[in-house]
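Structural overview for review
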Amino acid sequence: MPLPPRAYIFIGLNGVRILSIISMLLVFASSIFVLVMDIEAVNHFMKNSTDEDLLNCDYIENSTVPNQPAGVFWAVVNRMLIIFQIIALILSEIGWPMKFFNHYFPVLGEDFGLGPLGVFQCLIGATILSHHVDDFTLVAAFFLFSIGCLNIFLGLIFRERAKAKRSILSWKAEAKGVLPTSQDLRPKFARPASGFVSSFFTGGSEKTKVEEHDAPRAGFGFGRQGEKAAGLKGFLISRPLETLPRYAPPPPRPMSYSSHDSSTRASTPEPRFKSSNTAL
């Protein structure tokens, strides 16, 4: 059964997160190793070196410490800063404490993507690779620099949604809401009170209507009593006019027989009779 696309994105982003944590752990271990080697090399150099050796070398032998004023101090500070930065980045990748990062260091919080994380990793990797180091530190720094470039690329693709897509809590929340939930958006039917219509004829303020909503009271209805009560309150109930639609033919007019007879007589010519000489 094929997985949905968001599952592949979730697995891929968390795979990059695991590689990122591993690379930072390697850099953390290599930084401590280099710090110890630098301190031992400085102690050995200070015991066995001469004034001529201090003038002819740029770096203390077998170390990353430059031969300059306060060179040892700045070398130790550099390694300590790298260690603390790596710890902060590891905690950011784990997601604890996320409220601290959201409030005091937002670029590593939930509102930002993987771009800032990749930039910090690239800077740390470039800082380590700019010195002559042993093979273990070299491999760890190069691995961290590569993961940083990958995080920058993923940050450009997913932007601020990258950490939300790889979050286990958000994945569980989305898994619970796979099936759509049905919600009845229709308004609830409220049955009006028995005296709701009669309250318009009896009058009263809104407060009185609300108080009398639950109290049972007899209304006047639509009969003679209601008409009388409405007349006392100033309401007039008139009989609606009888109207016909425009397309209906007009009603036939009733015709009286008197007018019909008169009109018939008026239109009929009066007969003329002539008397005969031989009439009986």
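These notes cover the structure that comes with them. (Residues numbered from 1 in each chain as written. Predicted model: local features only at pLDDT ≥ 70, side-chain atom pairs only at ≥ 80, totals over all residues. Heavy atoms only, no water.)

1. A closer look at the overall build of the chain
When helices and strands are tallied, the chain shows 12 helices and zero strands. Starting at the N terminus and ending at the C terminus, the chain contains elements arranged as α-α-α-α-α-α-α-α-α-α-α-α. Evaluated residue by residue, the chain yields a buried proportion of 25% over its 280 residues. A separation threshold of at least 6 residues defines the contact pool for the chain, and within that pool the share at least 24 residues apart is 66%. Summed over all atoms, the accessible surface of the chain reaches about 21800 Å², with 64% contributed by carbon and sulfur. (Helix = DSSP H or I, 4+ residues; strand = E, 2+ residues; numbered from the N terminus. Buried < 20%, exposed > 50% of the residue type's maximum accessible area, 1.4 Å probe, protein only. Contact = heavy atoms within 4.5 Å. Areas by Shrake-Rupley, 256 points an atom, 1.4 Å probe, with all protein chains shown as cover.)

2. Overview of the pattern of salt bridges
Any two side chains of opposite charge can pair, on the condition that their charged atoms come close. For the structure on display, the rule yields one salt bridge. We note a salt bridge from E93 to R166, for which the minimum N-O separation is 2.8 Å. Of this pair, E93 sits in helix α3 (residues 71-94) while R166 sits in helix α7 (residues 162-166); the two residues are 73 residues apart in sequence, bridging distant segments of the chain. Of the two residues examined, E93 and R166, each falls in the buried class. (Salt bridge = Lys/Arg side-chain N within 4 Å of Asp/Glu carboxyl O.)

3. Comments concerning unusual backbone geometry
Note the cis peptide between W96 and P97, where omega equals -10°. Within the secondary structure layout, P97 lies in the loop between α3 and α4 (98-104). A positive phi angle is found at A70, which is not glycine, with a value near 60°. For A70, the location among the structural elements is in the loop between α2 (51-56) and α3. Backbone geometry at R159 places phi at a positive 55°, although glycine is not the residue there. Tracing the backbone through its elements, the reader meets R159 in the loop between α6 (135-158) and α7. According to the relative accessible area criterion, R159 is partly exposed, its value standing at 46%.

4. Let's talk about the nonpolar core
Counting 21 residues, the largest nonpolar core has V27, I86 and I124 as its most contacted members. It is α6 that contributes the most residues to this core, five residues altogether. Excluding anything up to four places from it in sequence, I124 contacts V27, I82, Q85, I86, L89 and L144. Counting six residues, the second-largest nonpolar core is a separate cluster that includes V42, C57, I60 and A75. (Core = buried A, V, L, I, M, F, W, Y, C linked by side-chain atoms within 4.5 Å.)

5. A few points about α3
The end-to-end C-alpha distance of α3 is 35 Å, a good match for the 34 Å that 24 residues give at a rise of 1.5 Å each. Where α3 is concerned, the buried positions are G71, A75, R79, I82, I83, I86, L89, I90, S92 and E93. Against α1 (5-48), α4, α5 (115-129), α6 and α7 lie the buried residues of α3. Directly beyond the C-terminal end of α3, a positive phi value near 90° is found at G95. (Expected span 1.5 Å × (residues − 1).)

6. Quick word on the packing of α5 against α6
Any two packed helices are characterised by the angle at which their axes cross and by the distance between the axes. Where α5 meets α6, the axes come as close as 7 Å, and the angle between the chain directions of the two elements is 155°. With respect to their mutual orientation, α5 and α6 come out roughly antiparallel. Of the two possible hands of crossing, α5 and α6 adopt the one that is left-handed. Touching G115, L117, G118, V119, Q121, C122, I124, G125, A126, I128 and L129 of α5 are T137, L138, A141, F142, L144, F145, I147, G148, C149, N151, I152 and G155, all from α6. Class assignment for the residues of the contact of α5 with α6 results in 15 nonpolar, eight polar and no charged. (Axes fitted to C-alpha atoms, helices over the stretch in contact; angles between N-to-C directions. Parallel < 35°, antiparallel > 145°, perpendicular 65-115°, else oblique. Left-handed = near helix turned anticlockwise from the far one by under 90°. Nonpolar A, V, L, I, M, F, W, Y, C, P; charged D, E, K, R; others polar.)

7. Side note on a nonpolar patch on the surface
A cluster of nonpolar side chains, I18, L19, I22, L26, F33, M37 and F136, forms an exposed patch at the surface whose accessible area comes to about 590 Å². Here F136 falls in the partly exposed class, since its relative accessible area comes to 40%. (Patch = residues over 30% accessible without salt bridge, like charges linked within 9 Å, V, L, I, M, F, W, Y side chains within 5 Å.)

8. With respect to the side chain of S63
Structurally, S63 can be placed in the loop between α2 and α3. On the accessibility criterion, S63 (13% relative accessible area) is buried. Here V65 takes part through its backbone nitrogen, which lies 3.4 Å from a polar atom of the side chain of S63. Beyond its immediate chain neighbours, meaning those up to four positions away, S63 contacts D38 and A41. (Polar contact = N/O pair within 3.5 Å; in protein donor to acceptor, adjacent residues only side chain to side chain.)

9. Some words on α5
Working note: α-helix, 3.6 residues per turn, so residues spaced by three or four point in the same direction. Helix length check: α5, at 15 residues, gives a terminal C-alpha distance of 21 Å against a target of 21 Å (1.5 Å per residue), a fit within 8%. Taken together, the buried positions of α5 are occupied by G115, L117, G118, Q121, C122, I124, G125 and I128. Looking at the buried residues of α5, the elements they touch are α1, α3 and α6.

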